[in-house]
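# Remarks on the overall topology
In case you want the letters, here they are:
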Amino acid sequence: MKVSKIQLAKEAFKHKGFISKIPVIIRMIKSATKKGGYKPHFKDVILPGLVLLYLISPIDIIPDWIPVIGVLDDLALLAFAIPLLVKEAEKFIAWEAARQSDDPMIEEAEVIG
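Residues numbered from 1 in each chain as written. Predicted model: local features only at pLDDT ≥ 70, side-chain atom pairs only at ≥ 80, totals over all residues. Heavy atoms only, no water.

Okay, the UniProt feature "domain: DUF1232" (unreviewed entry) in the protein next. In the numbering used here, UniProt assigns the "domain: DUF1232" (unreviewed entry) feature to residues 47-80. Between the C-alpha atoms that bound residues 47-80 there is a distance of 9 Å. The span itself is 65% helix and 0% strand. (UniProt positions renumbered as here; feature names shortened; annotations may be inferred. Helix = DSSP H or I, 4+ residues; strand = E, 2+ residues; numbered from the N terminus.)

On to a nonpolar patch on the surface, then. Judged by side-chain polarity, F42, I46, L47, L50, L52, L53, I56 and F80 come together as a nonpolar surface patch covering roughly 800 Å² of accessible area. Sort the elements by how many residues they give to the nonpolar patch and helix α3 (residues 42-56) lands first, with seven residues. Mapped onto the fold, I46 is located in helix α3. (Patch = residues over 30% accessible without salt bridge, like charges linked within 9 Å, V, L, I, M, F, W, Y side chains within 5 Å. Areas by Shrake-Rupley, 256 points an atom, 1.4 Å probe, with all protein chains shown as cover. Salt bridge = Lys/Arg side-chain N within 4 Å of Asp/Glu carboxyl O.)

Once that is clear, we can look at helix α2 (residues 18-32). When the terminal C-alpha atoms of α2 are compared, their 19 Å separation across 15 residues agrees well with the 21 Å that a helix rising 1.5 Å per residue should span. The sharpest bend along α2 measures roughly 30° and falls at V24. If you check which residues of α2 are buried, you get F18, K21, V24, I25, M28 and S31. (Expected span 1.5 Å × (residues − 1). Bend = angle between axes of the 7 residues up to and from the residue. Buried < 20%, exposed > 50% of the residue type's maximum accessible area, 1.4 Å probe, protein only.)

With that settled, the discussion passes to the nonpolar core. F18, I25 and M28 are the most contacted members of the largest nonpolar core, which has 15 residues in total. Secondary structure elements with two or more residues in this core: α2, α3 and α4 (69-101). Counting residues per element, this core draws most heavily on α4, which supplies seven residues. Discounting residues that sit within four places of it in the chain, M28 has contacts with Y38, V45, L85, E88, A89 and F92. (Core = buried A, V, L, I, M, F, W, Y, C linked by side-chain atoms within 4.5 Å. Contact = heavy atoms within 4.5 Å.)

Let us look at the packing of aromatic side chains. This model, assessed by the stated rule, comprises three aromatic pairs. Ring centres 5.2 Å apart and planes at 75° place the aromatic pair Y38 and F92 in the edge-to-face group. You can see Y38 sitting in the loop between α2 and α3 and its partner F92 sitting in helix α4, a full 54 residues away along the chain. For the pair Y38 and F92, a shared accessibility class is recorded, and that class is buried. Each ring, one from F92 and one from W95, has its centre 5.7 Å from the other, and the planes form 25°; the classification is stacked. (Phe/Tyr/Trp six-rings, centres within 6.5 Å; stacked < 30°, edge-to-face > 60°.)

Set out below in structure tokens:
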């Protein structure tokens with residue numbers, strides 16, 4: 001059974017709600033590029049980026065044409081990288097919430113229903 005890298009990546013990205021965290025990850029990257037923005041941990045963002053580059057590159061440590069083992073190296077890297085990125089996205093959400101609660105323009109209010 002031949003499995004393409006794209007199919008493999010799609011399956012791995014379903015891990016731990018990764019797809020639902022993509023907008024958060026994009027906001028995190030935008031914030032990290034701004035002065036005074038979020039400062040992510042190096043390994044939790046750079047390593048997944050390097051894994052993504054490895055997955056889309058035609059160069060493989062173990063060629064994909066080798067049955068089972070050729071795909072396992074890609075899966076192992078994704079299994080390592082995605083949880084790091086999801087963890088950092090969750091830290092970013094907490095950072096955003098803390099930052100919004102420190103906003104001087106926001107006053108405490110009570111919702112009356």
